[in-house]
Amino acid sequence: MALLPILRYPDPRLHTVARPVQAVDAQIRQLVADMLETMYDAHGIGLAATQVDVHERVVVIDVSEERNRPLVLINPQIVWASEDRQVNEEGCLSVPGVYDGVERAGAVRVTALDDHGQPRTIEAEGLLAVCIQHEMDHLLGKVFVEYLSPLKRNRIKSKMLKARRETERA
């Protein structure tokens, strides 16, 4: 397994739309293992392949307290979303240190393949539903800050660019 570099907003590669996975093979299983290791190392609860500059429809999530129940979603699709909407504070490994409220469906039903290529259906609400929607946005080339006002988005972009410049100088 290997730690993968996580792209940081406003990197334009974060806006790439991911391709469907053609086959769940050894390469995809290795990607899943590396993504899980990267997510756990970064203390995240979700990671999309887009965030590690792999533009295939792969998501890993673990919202468990013990951090021992990884969920792998390959080629996920939301097949149902509740009409009730909830605003939850979100953060993102690609936008470290930034948290803000985003409105999303309170519950979703998702179909996907697992890391063995087996189909599965997941019904989620609460934090898991938020995380699934957030990570699936990444597969569409969308970062959560795009739900925020242009003023907030520009402030975040400036903050992230300044942090990158300071890191490059060090």
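The following refers to the structure shown. (Residues numbered from 1 in each chain as written. Predicted model: local features only at pLDDT ≥ 70, side-chain atom pairs only at ≥ 80, totals over all residues. Heavy atoms only, no water.)

1. Here we look at the overall build of the protein
For step 1, the next point in the chain: Counting secondary structure elements, the protein contains three helices and seven strands.
For step 2, the next point in the chain: When the helices and strands of the protein are placed in sequence order, the string is α-β-β-β-β-β-β-β-α-α.
For step 3, the next point in the chain: At 16 Å, the protein has a C-alpha radius of gyration in line with the 15 Å of a compact globule built from 170 residues.
For step 4, the next point in the chain: Structurally, the protein occupies a C-alpha span of about 45 × 40 × 30 Å along its principal axes.
For step 5, the next point in the chain: When the 170 residues of the protein are sorted by exposure, 45% land in the buried category.
For step 6, the next point in the chain: Summing over all exposed atoms, the protein offers an accessible surface of approximately 9100 Å²; the carbon and sulfur share of this is 50%.
For step 7, the next point in the chain: Charged side chains in the protein number 21 positive and 25 negative. The centres of these two groups are separated by 8 Å. (Helix = DSSP H or I, 4+ residues; strand = E, 2+ residues; numbered from the N terminus. Rg over C-alpha atoms; globule rule 2.2 N^0.38 Å. Buried < 20%, exposed > 50% of the residue type's maximum accessible area, 1.4 Å probe, protein only. Areas by Shrake-Rupley, 256 points an atom, 1.4 Å probe, with all protein chains shown as cover. Lys, Arg positive; Asp, Glu negative; His and termini not counted. Charge placed at Lys NZ, Arg CZ, Asp CG, Glu CD.)

2. Here we look at the pattern of salt bridges
For step 1, the next point in the chain: Under the definition given, this model contains seven salt bridges.
For step 2, the next point in the chain: In this structure, D100 engages K152 in a salt bridge whose closest nitrogen and oxygen atoms are separated by 3.0 Å. Of this pair, D100 sits in strand β5 (residues 95-105) while K152 sits in helix α3 (residues 150-169), placing them 52 residues apart in sequence.
For step 3, the next point in the chain: On the basis of relative accessibility, which here comes to 18%, the residue D100 falls in the buried class.
For step 4, the next point in the chain: We classify K152 as partly exposed; its relative accessible area is 38%.
For step 5, the next point in the chain: Among the ionic pairs, D137 bridges to R104, the shortest N-O distance being 2.9 Å. Separated by 33 residues along the polypeptide, D137 in helix α2 (residues 126-139) and R104 in strand β5 bring together distant segments of the chain.
For step 6, the next point in the chain: The class of D137 is buried, set by a relative accessible area of 10%.
For step 7, the next point in the chain: Connected via shared salt-bridge partners are D11, R13 and D53. (Salt bridge = Lys/Arg side-chain N within 4 Å of Asp/Glu carboxyl O.)

3. Quick word on α2
For step 1, the next point in the chain: The end-to-end C-alpha separation of α2 is 21 Å, in line with the 20 Å expected for 14 residues at 1.5 Å each.
For step 2, the next point in the chain: Of all the 14 residues making up α2, eleven are buried; the element is thus mostly covered by neighbouring parts of the structure.
For step 3, the next point in the chain: Those residues of α2 lying buried are A129, V130, C131, I132, Q133, H134, E135, M136, D137, H138 and L139.
For step 4, the next point in the chain: One or two steps after α2, the chain reaches G141, where phi turns positive at roughly 80°. (Expected span 1.5 Å × (residues − 1).)

Honestly, that's just the spatial picture; any functional story needs more than this.
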